[in-house]
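Breakdown of the fold
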Amino acid sequence: MKRIFIFLLAAMVFIPYLGRAQSASWVFFDRYSKTKGYASVQLERKMMRMMSRQAAEKGDEQLAKLLNGIQYIRIVALKEGDRTRLLEDVEVLTTNPLYEFQLVMSEVDSGQTTRFYLRESPHSYNSELLMLTYGEKETVVVNIYGTFDLQQVARLSTIRPKH
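Not measured: the values here are computed from a predicted model. (Residues numbered from 1 in each chain as written. Predicted model: local features only at pLDDT ≥ 70, side-chain atom pairs only at ≥ 80, totals over all residues. Heavy atoms only, no water.)

1. Observations concerning helix α4 (residues 84–95)
In this model, α4 (12 residues) spans 16 Å end to end at C-alpha, consistent with the 16 Å of a helix rising 1.5 Å per residue. All of the buried residues in α4 are Leu86, Asp89, Val90, Leu93 and Thr94. Each buried residue of α4 lies within a common arc of 125° when the element is viewed along its axis, so the set occupies one face. (Helix = DSSP H or I, 4+ residues; strand = E, 2+ residues; numbered from the N terminus. Expected span 1.5 Å × (residues − 1). Buried < 20%, exposed > 50% of the residue type's maximum accessible area, 1.4 Å probe, protein only. Arc of directions from axis to C-beta.)

Structure, rendered in structure tokens:
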């Protein structure tokens, strides 16, 4: 009984720390998924597993492994209006030391700026990747959470719906 009490007490103390950065990105994406002028897509765990099975059936074991490790992908894109608030909110999210995001890559090409931020959890194998693209063509924020290899994440851009 004493062990159960100690375990529950430890869980109550540490659980808020495990989810705080993930919660911040959830709040961010939840806000913009409900805001006029933005389009949003959420691919949850079950969808990632289904896509993983399809990749395995097609013989692409590396893609299947990557998709199986991802917990979710969230995407928010500006359809119309001013992107200032979105960019400010991304800045707050990625620069707040509480959330521990680190800029890992930045690129400017043809008027489009792309930045990749990474947060690695010291408490689990999961990582969080936040990609921000903005410029004349589009403004998009993509959030990927799970266990993945950064080199393999680029493969996700090859997955396209068939028309």
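2. Here's the deal with the environment of Asp60
Here Asp60 lies in the loop between α2 (45–57) and α3 (61–69). Take Asp60: its relative accessible area is 23%, and that puts it in the partly exposed class. Asp60 has contacts with Ala55 and Arg155, leaving out every residue within four places of it along the chain. (Contact = heavy atoms within 4.5 Å.)

3. A word on the pattern of salt bridges
Under the criterion given, the structure shown has five salt bridges. In this structure, the salt-bridge partner of Asp30 is Lys34, at a minimum N-O distance of 3.3 Å. Under the relative-accessibility criterion, Asp30 is labelled partly exposed at 38%. For Lys34, a relative accessible area of 64% corresponds to the exposed category. Residue Arg85 pairs with Asp89 through a salt bridge whose shortest N-O separation is 3.9 Å. (Salt bridge = Lys/Arg side-chain N within 4 Å of Asp/Glu carboxyl O.)

4. Focus on the environment of Leu66
Relative to the elements of secondary structure, Leu66 occurs in helix α3. With relative accessibility at 5%, the residue Leu66 sits in the buried group. On a C-alpha basis, the gap between Leu66 and Phe148 in space is 5.9 Å, while along the polypeptide they are 82 residues apart. Sequence-distant contacts of Leu66, defined by excluding residues within four places in its chain, comprise Thr147, Phe148, Gln152, Val153, Arg155 and Leu156.

5. Considering the nonpolar core
With 19 residues, the main nonpolar core has Ile144 and Leu156 as its most contacted residues. For this core, the secondary-structure elements that each account for two or more residues are α2, α3, β2 (70–78), β4 (112–120), β5 (127–135) and β6 (139–146). Filtering out sequence-adjacent residues up to four positions away, Leu156 remains in contact with Leu66, Leu67, Ile70, Ile73 and Ile144. In terms of nonpolar packing, the next biggest core, distinct from the first, is built from 16 residues, Phe28, Leu93, Leu130 and Leu132 among them. (Core = buried A, V, L, I, M, F, W, Y, C linked by side-chain atoms within 4.5 Å.)

6. Structural notes on the packing of aromatic side chains
In the structure shown here, the tally under the stated rule is four aromatic pairs. Centre to centre, the rings of Phe28 and Phe29 are 5.0 Å apart; their planes meet at 80°, and the pair counts as edge-to-face. Note on accessibility: Phe28 and Phe29 belong to one class, buried. Centroid distance Tyr72 to Tyr145: 5.4 Å. Interplanar angle 15°. Geometry classified as stacked. Remark: Tyr145 occurs in strand β6 and Tyr72 occurs in strand β2; sequence separation between them is 73 residues. Here the aromatic cluster, defined as three or more aromatic residues joined through ring pairs, consists of Phe28, Phe29, Tyr32 and Tyr38. Of note, Arg74 hangs over the ring of Tyr72, and the distance from its end group to the ring centre comes to 4.1 Å. (Phe/Tyr/Trp six-rings, centres within 6.5 Å; stacked < 30°, edge-to-face > 60°. Lys NZ or Arg CZ within 6 Å of the ring centre and 35° of its normal.)

7. Observations regarding the pairing of β2
Remember that side chains alternate between the two faces of the sheet whenever the strand is regular. As paired elements, strand β1 (residues 38–43) and β2 share six bridges and run antiparallel to each other. Residue pairing in the sheet places Gln42 in a bridge with Arg74 of β2. (Pairing = 2+ DSSP bridges.)

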